[in-house]
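The lines below spell out each chain.
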Amino acid sequence: MRTTRKEYAAWCAKAAPRSPLFRDCLWAFCTGGAICLLGEGLRVGYAALGCTLTAASTLTSLSLIFLSALFTGLGLYQKLAARAGAGTLVPITGFANAVVSPAIEFKNEGLVTGTGARMFTIAGPVIVYGMLASMVWGVLWYLLRPYFG
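Attention in this report is confined to the structure presented alongside it.

Reading the values: the criteria
Every chain begins its residue count from 1, and numbering advances along the sequence as written. The predicted nature of this model means local features are confined to residues of pLDDT at least 70 and side-chain atom pairs, given and counted, to a pLDDT of 80 or more, with totals for whole chains, interfaces and linings taken over all residues. Only hydrogens and water are set aside when side-chain values are computed; all heavy atoms of the structure are taken into account. Helix and strand labels come from DSSP, where a helix needs a run of H or I of at least four residues and a strand needs a run of E of at least two; each type is numbered from the N terminus. Exposure is judged per residue with a 1.4 Å probe applied to protein chains only, and the accessible area is read against the type maximum: over 50% gives exposed, under 20% gives buried, and values in between give partly exposed. The contact criterion used throughout is that any non-hydrogen atoms of two residues lie within 4.5 Å. Where accessible areas are quoted, they stem from the Shrake-Rupley method and a 1.4 Å probe; at the residue level, only the protein chains shown are allowed to cover. What qualifies as a polar contact is a pair of N or O atoms within 3.5 Å, subject to a donor-acceptor requirement within protein and to the restriction that residues adjacent in sequence count only when both atoms come from side chains. Residues are said to line a cavity or pocket when one of their atoms sits within 4 Å of a point; the points come from a 1 Å grid over protein atoms alone, cavities being sets where a 1.4 Å probe fits but cannot get out and pockets being open sets with protein on both sides within 12 Å along at least five of seven lines. Grid points are joined across faces, edges and corners, and a volume is the space filled by probe spheres set on the points. Any residue that is not Ala, Val, Leu, Ile, Met, Phe, Trp, Tyr, Cys, Pro, Asp, Glu, Lys or Arg is counted as polar, Gly included; the first ten are nonpolar and the last four charged.

## Structural notes on the overall build of the protein chain
Broken down by element type, the protein chain carries seven helices and zero strands. Start at the N end of the protein chain and walk to the C end: the helices and strands fall as α-α-α-α-α-α-α. Here the protein chain, with 149 residues, has 19% of them falling under the buried criterion. Restricting the contact set of the protein chain to residue pairs at least 6 apart, pairs at least 24 apart contribute 49%. Surface summary for the protein chain: the accessible area is close to 11300 Å², and the carbon and sulfur share equals 73%.

## Examining the side chain of Thr93
Checked against the element boundaries, Thr93 lands in helix α5 (residues 91-105). With relative accessibility at 5%, the residue Thr93 sits in the buried group. Reaching out from Thr93, the side chain makes a polar contact with the side chain of Tyr77 at a distance of 3.3 Å. Setting aside residues no more than four positions away along its own chain, Thr93 makes contact with Ile35, Leu64, Ser68, Tyr77 and Thr88.

## Quick notes on the layout of surface pockets
In this approach the atoms are scanned with a rolling probe the size of a water molecule, which exposes any empty space left behind. In this structure, the largest pocket encloses a volume near 190 Å³. Looking at the largest pocket, the residues that line it are Thr31, Ala34, Ile35, Leu38, Leu64, Leu67, Ser68, Phe71, Leu76, Tyr77, Leu80 and Thr93. Of all elements in the fold, only α2 (21-48), α3 (53-73) and α4 (76-84) reach the threshold of two or more residues within the lining of the largest pocket. Taken together, the residues that form the lining of the largest pocket break down as nine nonpolar, three polar and no charged.

## Brief notes about the environment of Trp27
Among the structural elements, Trp27 can be located in helix α2. Classification of Trp27 by relative accessible area gives partly exposed; the value is 34%. With 60 residues separating them along the chain, Trp27 and Gly87 place their C-alpha atoms 7.5 Å apart. Residues within four places of Trp27 in sequence aside, it is in contact with Arg83 and Ala84.

Pasting the structure below:
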């Protein structure tokens with residue numbers, strides 16, 4: 001039996017479960033906001049302990065990376081991501097999760113060829129892009145600096 005594209009699309013639409021889009025977006029927004037609120041709380045806490053703004057910001061980033069890696073290792077970050085979706089993609093925690101996940105997945109291949117090498121399947125392209133983008137911006141700044149004082 002052959003079906004047309006329209007018949008197949010209608011069949012898929014009927015068989016696919018409806019996605020609660022508004023609820024999912026709201027949940028993702030609240031989860032991402034909670035992660036950012038945690039980061040702000042950490043920064044304020046470090047500043048209250050007497051750290052400079054730069055040191056408090058650095059410690060906040062390190063703390064969020066550590067917590068993300070810890071929760072990924074314990075299997076909790078994946079459960080949160082399954083529920084919150086894009087809300088867990090707050091740049092620093094999402095990147096830490098993306099680096100740690102392949103390392104954990106391939107740990108049985110060995111320390112160097114598994115964990116060490118697989119960590120950079122995600123991190124490598126991001127690091128290369130970051131380096132190239134910073135070089136481009138640096139050259140543009142150097143060339144355009146005379147025009148902006």
